[in-house]
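Close look at the chain arrangement
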Amino acid sequence: MSSKTPYQVLCVCLGNICRSPTAEVVLRHYGDVHNLNIVVDSAGTSNYHPGKAPDPRSQQHARKRGYDLSKLRARQITLQDFIEFDLILAMDHANLSDILALQTRAKHELGHLRAEVALMSEYDPDYPKQALPDPYYGEADGFERVLDQCESSSLAWINILKMQQKRA
């Protein structure tokens, strides 16, 4: 991870209106707090909500913790994302499987890819390799769980990225 070129991370869930936009703003926040040169974006594996703002419940719960999701808009992951991003983080195992299938297609069509793919919770000591549960059809506690896990997983990734930056 070069200190001159921003390290680019893409957070991906199914619809890009609950989990991945939350992960985007939380990871960006911790990157700023730790003075890391990172750019964070989010996308969905589906094209269910293109151009839509994050779910109002996600925005409401995030706002209570000081995170602003209001300016984000949903988009679908593209083959080009595997060239533009350094790291693509899946919110759950189904999304991981979909992203890996898309990565295979991208490699076939585009050749050399830049992005590594991992679970958001890959290194999380509190939620080790656990899926980030989709809160869309649930109650308020689901949105709080998303925030808790995004904070914990983001801090774990920040530690990994800090170690990479020291080596660069």
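Here we summarise the structure given alongside this text. (Residues numbered from 1 in each chain as written. Predicted model: local features only at pLDDT ≥ 70, side-chain atom pairs only at ≥ 80, totals over all residues. Heavy atoms only, no water.)

1. Some thoughts on the nonpolar core
Among the nonpolar cores identified, the biggest contains 29 residues, and L27, I38, Y67, L89 and M91 are the most heavily contacted of them. Listing elements by their share of this core, those giving two or more residues are strand 1 (7-13), helix 1 (19-33), strand 2 (38-44), strand 3 (87-90) and helix 5 (140-167). It is helix 5 that contributes the most residues to this core, seven residues altogether. If we ignore the near neighbours within four places in the chain, the residues touching M91 are C11, V12, C13, R19, S20, A23, M120, A131 and L132. Within the second largest apolar cluster, 16 residues are counted, among which are F82, A90, L113 and L119. (Core = buried A, V, L, I, M, F, W, Y, C linked by side-chain atoms within 4.5 Å. Buried < 20%, exposed > 50% of the residue type's maximum accessible area, 1.4 Å probe, protein only. Helix = DSSP H or I, 4+ residues; strand = E, 2+ residues; numbered from the N terminus. Contact = heavy atoms within 4.5 Å.)

2. Side note on helix 2 (residues 56-64)
All of the buried residues in helix 2 are S58, Q59, H61 and A62. Structurally, the start of helix 2 carries an N-cap: the backbone nitrogen of R57 is 2.7 Å from a side-chain oxygen of D55. The first or second residue beyond helix 2 is G66, which carries a positive phi of 90 degrees. (Polar contact = N/O pair within 3.5 Å; in protein donor to acceptor, adjacent residues only side chain to side chain.)

3. Observations regarding the packing of aromatic side chains
A ring pair, where both rings are aromatic, is described by two values, the distance of the centres and the angle of the planes. Counting across every chain of the model gives two aromatic pairs. Their ring planes at 85 degrees and their centres at 5.0 Å tell us that Y123 and W157 sit as a pair that is edge-to-face. Residue Y123 is found in the loop between strand 4 (116-119) and helix 5, and its partner W157 is found in helix 5; the two are separated by 34 residues along the sequence. The partly exposed category is assigned to Y123, whose relative accessible area is 45%. Assessed through its relative accessible area of 5%, W157 is described here as buried. Above the face of the Y136 ring, R57 is positioned so that its terminal group lies 5.4 Å from the ring centre. (Phe/Tyr/Trp six-rings, centres within 6.5 Å; stacked < 30°, edge-to-face > 60°. Lys NZ or Arg CZ within 6 Å of the ring centre and 35° of its normal.)

4. Observations regarding unusual backbone geometry
Even without glycine at this site, N35 takes up a positive phi of about 55 degrees. Of note, N35 is situated in the loop between helix 1 and strand 2. Assessed through its relative accessible area of 69%, N35 is described here as exposed. Non-glycine residue K129 carries a positive phi angle of around 55 degrees.

5. Overview of the sheet that holds strand 2
With respect to topology, four strands assemble into an open sheet ordered 2-1-3-4, the strand pairing being parallel. Lying at the two open borders of the sheet, with one neighbouring strand each, are strand 2 and strand 4. Within this sheet the neighbouring strands show an average axis-to-axis angle of 25 degrees, counted without direction. The strands touched by helix 1 within the sheet are strand 1, strand 2 and strand 3, with strand 2 carrying the most contacts at an inclination of about 175 degrees. (Pairing = 2+ DSSP bridges. Axes fitted to C-alpha atoms, helices over the stretch in contact; angles between N-to-C directions.)

6. Considerations on the packing of helix 1 against helix 5
Contact geometry of helix 1 with helix 5 gives a least axis separation of 9 Å together with a crossing angle of 45 degrees. In terms of their interaxial angle, helix 1 and helix 5 are classed as oblique. Read as a crossing pair, helix 1 and helix 5 show a hand that is right-handed. Mapping the contact onto sequence places R19, T22, A23, V26, L27, Y30 and G31 in helix 1 and V146, L147, C150, E151, S154, L155, W157 and I158 in helix 5. (Parallel < 35°, antiparallel > 145°, perpendicular 65-115°, else oblique. Left-handed = near helix turned anticlockwise from the far one by under 90°.)

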